[in-house]
Amino acid sequence: MTSFIEALPDWPTDDFATFGKVTVRKRSRMQQLVGRFLGRNWIRIPHVTHHDEVDVTEVEARRLAWNADHPAHRISPVIPMVKALALALAEHPQFAASLDASGEQLIEKHYAHVGVAVEVPAGLLVPVLRDCDTRPLPELATELAALAEKARTKGLPMTDMTGGCISLSSLGHIGGTGFTPIVNAPEVAIVGMTRVQMRATPGADGEVAWRKMLPLSLSYDHRVINGADAARFVITVGRHLAGLTFA
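The present account deals with the structure reproduced in this document.

Calculation rules
- Residues numbered from 1 in each chain as written.
- Predicted model: local features only at pLDDT ≥ 70, side-chain atom pairs only at ≥ 80, totals over all residues.
- Heavy atoms only, no water.
- Helix = DSSP H or I, 4+ residues; strand = E, 2+ residues; numbered from the N terminus.
- Expected span 1.5 Å × (residues − 1).
- Buried < 20%, exposed > 50% of the residue type's maximum accessible area, 1.4 Å probe, protein only.
- Contact = heavy atoms within 4.5 Å.
- Pairing = 2+ DSSP bridges.
- Polar contact = N/O pair within 3.5 Å; in protein donor to acceptor, adjacent residues only side chain to side chain.
- Phe/Tyr/Trp six-rings, centres within 6.5 Å; stacked < 30°, edge-to-face > 60°.

## Overview of unusual backbone geometry
Glycine aside, residues mostly have negative phi, and peptide bonds are mostly found in the trans state.
Thinking step 1. P186 follows A185 through a cis peptide bond whose omega is 10°.
Thinking step 2. Mapped onto the elements of the fold, P186 is located in the loop between β8 (166-170) and β9 (189-193).
Thinking step 3. Of note, D131 is a non-glycine position whose phi angle comes to about 50°, a positive value.
Thinking step 4. Mapped onto the secondary structure, D131 falls in the loop between β7 (128-129) and α5 (137-153).

Below, the structure is given as structure tokens:
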């Protein structure tokens, strides 16, 4: 890997000021560190991204009803996805595994910790929610809100950002229909979610029925996960989403 990097051409060093006005701004230490991690992960992990949509019509109805009844404890669309991912890991344990540094051993994890990307002024941090398969949705929502606030105001220690099995990155509050998230090593998979789309589908009596469909983008390490595994995993996530309750 080192020889491969060393063999690449030098980075271009154009003097952009010769073409017009420029501003030079030093990147923060966090931005530099996160950039190095992402560069390492992109180069060392053979990424594949599987795109699909899952039906969230019923779970969205239950979520909105919960929020109407509990205005002080609202639950975002991210939380049901965290729970569904954790439940799906039990049926697809390879998605919770990690390769060791040599790539020769696969470490299977018998817990369901989910990392959630949080936007902060200097970039992104990924706090980890523990034991998401056994905890109720309101509790997960409260903890994620506290971690996100801590990340934005004080920063997070590494103890809050390690130990994850799979990560989740959401752009649903902004838009988009799909993207290619970079796997957060040493995990082997990450899910990206975007804005819910309304889709026309055949109804029971032949009429047109409108359903809420959530676009998902699952990036995975092809050394551990195959395409068929990815397709089945997303189907399982959709099934768990449909069955979630908010009590």
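## Remarks on helix α6 (residues 227-242)
Thinking step 1. When the terminal C-alpha atoms of α6 are compared, their 23 Å separation across 16 residues agrees well with the 22 Å that a helix rising 1.5 Å per residue should span.
Thinking step 2. By the burial criterion, the buried members of α6 are D229, A230, F233, V234, T236, V237, G238, H240 and L241.
Thinking step 3. Looking at the buried side of α6, the elements it contacts are β1 (47-55), α3 (57-69), α4 (78-91), β8 and β11 (208-221).

## Topic: the pairing of β11
Thinking step 1. As paired strands, β1 and β11 are joined by 9 bridges and run antiparallel to one another. From the neighbouring strand, T49 faces β11, where its bridge partner is S219.
Thinking step 2. With 5 bridges connecting them, β9 and β11 associate as antiparallel partners. When the sheet's bridge partners are listed, V191 is paired in β11 with L218.
Thinking step 3. In this sheet, β11 lies alongside strand β10 (residues 197-202) in antiparallel orientation, the contact comprising 6 bridges. Note that in β11 the partner of Q197 across the bridge is M213.

## Examining the side chain of K109
Thinking step 1. Tracing the sequence through the fold places K109 in the loop between β3 (106-107) and β4 (114-116).
Thinking step 2. Within polar-contact distance, the side chain of K109 engages the backbone oxygen of G164 at 3.3 Å.
Thinking step 3. In contact with K109, other than residues within four places in its own chain, are A96, A97, S98, G164 and C165.

## What to know about the packing of aromatic side chains
Thinking step 1. Scanning the entire structure with this criterion turns up 1 aromatic pair.
Thinking step 2. Consider the rings of F95 and F233, whose centres lie 4.1 Å apart with planes at 10°: the pair is stacked. With F95 in the loop between α4 and β2 (98-99) and F233 in helix α6, this residue pair connects regions lying 138 residues apart in the sequence. Here F95 matches F233 in class, with each residue buried.

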